[in-house]
Amino acid sequence: MEPNSTGASAAGAAGPVAVATDGSPTAGTAVRWAAQEAARRRLPLHIVYVREPQPRYGEAVPDGESGADERGRVILAAARASVTGLFPGVPATTEELRGHPAPALIDLASGCSLLVIGHRGTGRFAGLLLGSTGLRVAGRTACPVVVVRGDVSGTRGAVVAGIELERDNAAVLELAFTEARARGASLRAVHSWDTPDLAVLSAGPLDRMEALLEPWAERFPDVKCTGDMPFEHPVAALTGESRHADLLVVGSRGLGGFKGAVLGSVSHGVLHHADCPVAVVTARPETRGGA
């Protein structure tokens, strides 16, 4: 299926909100979440289905027009129909991508403002965000990736940002504050460690947290912002915070207590156990070495 005339490449400087679907219930939830986000951002919605080149085990290789072609059309049509009535002001387009999911979605993300995926799928999409494919996508895209899971009601009134005091948090805080403002929500910045970091402790961590948030609080005066520095494992801290949040925002790299986040053990734990959608922000090339 070819992209419609208002597909991802034609969205302009602010690309569309893209969402991947495979027809599963969790993908359906992701599509509706993405449509609501597109409405909030006043952006188009681009729904994609990734069709892998190899047939499933036991299937014959199709020739020409096939059941696989029809499956993609049906899934995309159903996904689009599920949101057009709920969000009539959001232009929604569809596209079938060919290839392996991770590189196809990474390539797609280069022209998007946000890439949204459900935390589980069916068929060969199963485990997309909880398995190796998902870890190849999150943190490797030009735009943030949101894994839709947990409570998606959007009624908790808070956005949580996982930050690292020893690294540039600009990308994470920019998305977190922007989302908090758009939702009329408060923002809670969290830095956690499960072992004492003497370098951080000796430098006055609370003062550093306040200094880190001050310019963002000035830029977003309408967003109520607080900071917290719990002494516990980052997975436990962020999972606990997610129970009171509408969105959890984390970066694609980390040090100290966040070592390995978000593409290591911390990210795996958060993506498995968070009770709200999780946004993974790719570190900016010019800031990956830290501030």
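Everything here concerns the structure above.
Residues numbered from 1 in each chain as written. Predicted model: local features only at pLDDT ≥ 70, side-chain atom pairs only at ≥ 80, totals over all residues. Heavy atoms only, no water.

1. Quick word on the sheet that holds strand S2 (residues 45–51)
Turning to step 1, where the next piece is worked out: Read across the sheet, 10 strands follow the order S3-S2-S1-S4-S5-S10-S9-S6-S7-S8 without closing on themselves; strand pairing throughout is mixed. One side of each edge strand has no neighbouring strand; the edge strands of this open sheet are strand S3 (92–98) and strand S8 (225–228). Each neighbouring strand pair of the sheet contributes to a mean axis angle of 20°, computed without reference to strand direction.
Turning to step 2, where the next piece is worked out: One ladder, built from 5 bridges, connects strand S6 (residues 158–162) with strand S7 (residues 186–190); its direction is parallel. Residue pairing across strands places Ala161 opposite Ala189, the latter belonging to S7.
Turning to step 3, where the next piece is worked out: Against the sheet, helix H7 (residues 205–219) makes contact with S7 and S8, and its axis sits at roughly 155° relative to S8, the strand it touches most. (Pairing = 2+ DSSP bridges. Helix = DSSP H or I, 4+ residues; strand = E, 2+ residues; numbered from the N terminus. Axes fitted to C-alpha atoms, helices over the stretch in contact; angles between N-to-C directions. Contact = heavy atoms within 4.5 Å.)

2. Regarding H7
Turning to step 1, where the next piece is worked out: For H7, which comprises 15 residues, the first-to-last C-alpha distance of 22 Å matches the rise-based estimate of 21 Å (1.5 Å per residue) to within 8%.
Turning to step 2, where the next piece is worked out: Taking the largest bend as the criterion, H7 deviates by roughly 30°, centred on Leu213, and proline Pro215 comes between one and four positions later. (Expected span 1.5 Å × (residues − 1). Bend = angle between axes of the 7 residues up to and from the residue.)

3. So, the pattern of salt bridges
Turning to step 1, where the next piece is worked out: Applying the stated rule across the entire model yields 14 salt bridges.
Turning to step 2, where the next piece is worked out: Salt-bridge contacts for Arg41 lead to Glu37; the nearest nitrogen and oxygen are separated by 2.8 Å. In this pair, Arg41 and Glu37 both sit in helix H1 (residues 25–41), 4 residues apart, roughly one turn of the helix.
Turning to step 3, where the next piece is worked out: Put simply, Asp151 and Arg156 hold a salt bridge, and the shortest N to O gap is 3.7 Å.
Turning to step 4, where the next piece is worked out: Salt bridges sharing partners connect three or more residues here, namely Glu37, Arg40, Arg41, Glu179 and Arg183. (Salt bridge = Lys/Arg side-chain N within 4 Å of Asp/Glu carboxyl O.)

4. Description of the packing of H1 against helix H5 (residues 170–183)
Turning to step 1, where the next piece is worked out: Taken N-terminus to C-terminus, the directions of H1 and H5 make an angle of 85°; their axes are 10 Å apart at the nearest point. In terms of their interaxial angle, H1 and H5 are classed as roughly perpendicular. Residues Trp33, Glu37, Arg40 and Arg41 of H1 form the contact with H5, whose participating residues are Leu175, Glu179, Ala182 and Arg183.
Turning to step 2, where the next piece is worked out: For the contact of H1 with H5, the class distribution of residues is 3 nonpolar, no polar and 5 charged. (Parallel < 35°, antiparallel > 145°, perpendicular 65-115°, else oblique. Nonpolar A, V, L, I, M, F, W, Y, C, P; charged D, E, K, R; others polar.)

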